[in-house]
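# Descriptive analysis of the structure
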Amino acid sequence: MWRRLTPLFLAPLLIASPVAARHADPLGDGWMRFEVAAAGRTLAAAMPSDVRPARTLTIVIEGDGRAHDRRGRASPDPTPDRAVGLELARAWPGPAAWLGRPCQYVQDEACGPADWTTHRFSEEAAAMTDAAVSALMSRAGAGRVVLVGWSGGGVMAALVAARRQDVAGLVTIAAPLDVAAWTRSRGLSPLRGLDPADLPPITAPQVHLTGAFDPVVRPAVVKETAQRLAGPQGLVATWSERHDCCWVARVDEIAAGLDPQP
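Everything quoted here is computed from the prediction, not taken from an experiment.

## Brief notes about the overall build of the protein chain
Check the secondary structure of the protein chain and you find 7 helices and 9 strands. The 262 residues of the protein chain split such that 54% are buried. Per element, the accessible surface of the protein chain, about 11500 Å² overall, is 53% carbon and sulfur.

## Details of helix H3 (residues 123-140)
The end-to-end C-alpha distance of H3 is 26 Å, a good match for the 26 Å that 18 residues give at a rise of 1.5 Å each. Regarding H3, the residues found buried are Ala125, Ala126, Met128, Thr129, Asp130, Ala132, Val133, Ala135, Leu136, Met137, Arg139 and Ala140.

## Some points on the packing of aromatic side chains
With the rule as written, the count across this model stands at 2 aromatic pairs. Aromatic side chains Trp98 and Tyr105 sit 5.6 Å apart centroid to centroid with 75 degrees between the ring planes, which places their arrangement in the edge-to-face category. Here Trp98 matches Tyr105 in class, with each residue buried.

## Concerning the confidence of the model for the protein chain
In this model, the protein chain carries a mean pLDDT of 89, and residues with pLDDT of at least 70 account for 90%. The low-confidence segment residues 1-22, where pLDDT is below 50, has 68 contacts with residues more than four positions distant or belonging to other chains.

## What to know about the nonpolar core
Across soluble globular proteins, you tend to see nonpolar side chains buried next to one another. Counting 44 residues, the largest nonpolar core has Leu57, Ile59, Leu99, Val133, Leu136, Leu147 and Met156 as the members making the most contacts within it. Leu86, Val207, Ile254 and Ala255 belong to the second-largest nonpolar core, a separate cluster that totals 31 residues.

## Considering the pairing of strand E7 (residues 167-173)
Within E7, 7 of the 7 residues are buried, which leaves it mostly tucked inside the rest of the structure. Note: strand E6 (residues 144-150) against E7, 6 bridges, orientation parallel. Bridging from a neighbouring strand, Trp150 pairs with Ile173 of E7. Regarding topology, helix H4 (residues 152-161) serves as the crossover connection from E6 to the parallel E7, and that connection is right-handed.

## Details of the pattern of salt bridges
All told, the structure shown has 16 salt bridges when counted by the stated rule. The residue Asp64 makes a salt bridge to Arg101 at a minimum N-O spacing of 2.8 Å. Here Arg101 lies in the loop between strand E5 (96-99) and H3 and Asp64 lies in the loop between strand E4 (56-61) and helix H2 (84-91), a separation of 37 residues in the sequence. As far as the burial class goes, Asp64 and Arg101 line up, both buried. Here Arg82 makes a salt bridge to Glu87, at a shortest N to O gap of 2.9 Å. Its relative accessible area of 37% is what places Arg82 among the partly exposed residues. Each of the salt bridges in this network shares a partner with another, and the network as a whole consists of Arg41, Asp108, Asp115 and Glu124.

## Brief notes about the environment of Glu123
Mapped onto the elements, Glu123 comes out in helix H3. According to the relative accessible area criterion, Glu123 is partly exposed, its value standing at 42%. For the pair Glu123 and Leu159, spaced 36 residues apart in sequence, the C-alpha to C-alpha distance is 9.2 Å. When neighbours within four sequence positions are excluded, Glu123 is seen to be in contact with Arg163 and Leu194.

About the cut-offs
- Every chain is numbered independently, its residues counted from 1 as its sequence is written.
- Predicted model: local features are reported for residues with pLDDT of at least 70 only, side-chain atom pairs are reported and counted for 80 or more only, and whole-chain, interface and lining totals are derived from all residues.
- Hydrogens and waters are ignored; side-chain quantities use all the structure's heavy atoms.
- Starting at the N terminus, helices and strands are each numbered in turn, a helix being any DSSP run of H or I of at least four residues and a strand any DSSP run of E of at least two.
- Burial classification: accessible surface area is computed with a 1.4 Å probe over protein chains only, and a residue below 20% of its type maximum counts as buried, one above 50% as exposed, and the rest as partly exposed.
- Note on areas: Shrake-Rupley, 1.4 Å probe, and residue coverage restricted to the protein chains presented here.
- For a helix, the expected span equals 1.5 Å multiplied by the number of residues minus one.
- When the centres of two rings from Phe, Tyr and Trp lie within 6.5 Å, Trp using its six-membered ring, the rings pair. Their planes under 30 degrees apart give stacked, over 60 give edge-to-face, and anything left gives tilted.
- Note: pLDDT gives the predictor's confidence per residue, expressed from 0 to 100.
- Contacts are assigned to residue pairs that have any heavy atoms within 4.5 Å of one another.
- Among buried residues, those of type Ala, Val, Leu, Ile, Met, Phe, Trp, Tyr and Cys that are joined through side-chain atoms within 4.5 Å constitute a nonpolar core.
- When DSSP finds two or more bridges between a pair of strands, those strands are recorded as paired.
- A crossover counts as right-handed when, viewed with the strands pointing away from the observer, the path leading from the first strand over the helix to the second turns clockwise.
- Within this document, salt bridges are pairs made up of a side-chain nitrogen of Lys or Arg and a carboxyl oxygen of Asp or Glu, the two lying within 4 Å of each other.

Quick look at the structure:
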């Protein structure tokens, strides 16, 4: 599993891009992983190297990664062992990109354990993600965005969607959308920062999915918040899946849950 970005000479497309791409790594199948500058910090991102202008870009936001070790202590590196969000992005139908969470896959001297533990949903983290979304949209020439988030990435997707006017759709998958209720249900210490449970309804088309066999995010804990955010037209459903499986195999079905966008 790759950890940090390897410095390589950038392809002309990356150099000319409005995204502040610092390093680039080929991932296979035409995808390239790179770093973007976002609100004074650095985030990892990926998209096809031959990206063409698209009206709407889907951006999949990664989960929390390795926030803690098995003893509950903050891990030294939040980079996930398996990037489920990246797998979703690469399987997604239509133009898509992937965005890592703060301190995953990057060398950022400003990083500290609070970034991936207590403050993982802070205003600063949301601002970084929001800025990176704008940068990726600019690179793809997109005027609208569909935000998709798996696990904790779904929380961030909702937080970012609530502050933008160009969101064509919001999809969360196995996401603890009521952060306070989720931490209580898991016996965890409260997190500091923002909580989708405090947001007003989001007007964009929405799909919020939970897994019937998910011991991490139990459907009953987040269903009320998901329904309120989505409104009467949104899709809130529990599928026969676990927390990290097997959503990737159902990306076409997930994407189809959103109303067709122009």
